[in-house]
Amino acid sequence: MKSVGEIMRIGPVIPVLTLESVEQCEQVVHALYEGGVRVLEITLRTAVGLKAIEHASKFASDIVVGVGTITTTTQVKEAKRAGATFGVSPGLTHALHAAAKDIDLPLLPGVMTPSDILRALSLGYDTVKFFPAQQAGGLDMLRAFSGPFPTLQFCPTGGITQESVRSFLDLPNVICVGGSWLTPTAAIISQNWGEVTRLAHAASQLARLNT
Ligand code: 3PG
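Residues numbered from 1 in each chain as written. Predicted model: local features only at pLDDT ≥ 70, side-chain atom pairs only at ≥ 80, totals over all residues. Heavy atoms only, no water.

(A) Broad picture of the site of the ligand. In the region of the ligand, the neighbouring residues are V16, R45, K129, F131, T157, G158, G159, G179 and S180. Here an oxygen atom of the ligand and a side-chain polar atom of K129 are 2.7 Å apart. Between an oxygen atom of the ligand and a side-chain N or O atom of S180, the distance comes to 2.5 Å. The protein chains hide 81% of the 310 Å² of surface that the ligand would expose on its own. In terms of residue class, the shell around the ligand is made up of two nonpolar, five polar and two charged. (Near = heavy atom within 4 Å. Polar contact = N/O pair within 3.5 Å; in protein donor to acceptor, adjacent residues only side chain to side chain. Areas by Shrake-Rupley, 256 points an atom, 1.4 Å probe, with all protein chains shown as cover. Nonpolar A, V, L, I, M, F, W, Y, C, P; charged D, E, K, R; others polar.)

(B) Highlighting the packing of helix α3 (residues 49-59) against helix α4 (residues 73-82). Relative to each other, α3 and α4 sit at 30°, their axes nearing to 8 Å. Classified by the angle between their axes, α3 and α4 sit roughly parallel to one another. Residues L50, I53, E54 and S57 of α3 form the contact with α4, whose own contacting residues are E78, A79 and A82. (Axes fitted to C-alpha atoms, helices over the stretch in contact; angles between N-to-C directions. Helix = DSSP H or I, 4+ residues; strand = E, 2+ residues; numbered from the N terminus. Parallel < 35°, antiparallel > 145°, perpendicular 65-115°, else oblique. Contact = heavy atoms within 4.5 Å.)

(C) Broad picture of the layout of surface pockets. Here the largest pocket is characterised by a volume of approximately 390 Å³. Lining the largest pocket are 22 residues; nearest its centre among them are V16, L17, T18, S180 and T183. Going through the elements one at a time, β1 (13-17), α2 (22-34), β8 (177-179) and α9 (185-189) are the ones with two or more residues in the lining of the largest pocket. When residues in the lining of the largest pocket are grouped by element, the largest group, three residues, is from α9. (1 Å grid on protein atoms, 1.4 Å probe; cavity = no way out; pocket = protein on both sides within 12 Å on 5 of 7 lines; lining within 4 Å. Points joined across faces, edges and corners; volume = space filled by probe spheres on them.)

(D) Here's a closer look at the sheet that holds β1. Within the open sheet, the eight strands sit side by side as β7-β6-β5-β4-β3-β2-β1-β8. Their pairing is parallel. Of all strands in the sheet, those bounded by a partner on one side alone are β7 (153-156) and β8. Each adjacent strand pair in this sheet contributes to an overall mean axis angle of 30°, direction not counted. Pairing analysis gives three bridges linking strand β4 (residues 86-89) to strand β5 (residues 107-111), with the strands arranged parallel. (Pairing = 2+ DSSP bridges.)

The quantities given are spatial measurements derived from coordinates; they are silent on function.
As C-alpha cells, then:
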C-alpha cells in the first residue's frame, strides 16, 4: 500500500473529477491519461461517483484512482470496495480517520485553520489538503502555515487555475495541487477531449519545488 505522501508525488497536479456517467468517465480519464495524468480523484458529488471509481480502477490500471468528497464513514468503506486507492475529504473527523485507518485506505484530509492542522498532526498526518485553498487565503496562508508547521506538506485545492498553479507549486510546503480546471465543463459538454488532453499535458509537465 502506498502512503499518501507517495501518492501525492506521482504527479504535480491531481485532477478532481465530478462525473455524470460511466461513459463520460471513460472518455475523460482516457483524455487525461493521454495528457500524462497518472493519478486522479473522482468525487462522490454525483450519483455515478462510486460506479465511476469502480470502472476507472479497472479499465485504467496505470492510473491511481482516488475517491474525493468523502464526508461519511460509509463512503470510506464503499469507495474502498469500489477500488479507490486513496481518499480525500474536505475536512477531518476522528470517525473518518478511524474508518480509513481500519481498512487501510490512505486518507488526505482537508484542513483550513491552524486548529484543523493541530488535529491532523495529532492523528499522525504529515500531508493534508488545504481546502478551499484560494478562498481561504491562497499563497499567503500557505506561507504563513510554514512558520508554526514547518514539516507539514499541503495539497492545496479549490479555486486554483492554469494561471495560478505555478505559484502554488513553487512553495516549499506544497507537495502537489488539486483542481478541476483540467476538465472544463464546456470541453466535457462539447466532448472536446483534445482540450482536456492539452490541459492535462500542460499540468503534467509542471515542475515542483518540492519533489
Ligand atoms: C475540490 O473538490 O477539492 C475542489 O472543489 C476542487 O476545486 P476547484 O473546482 O475550484 O478546482
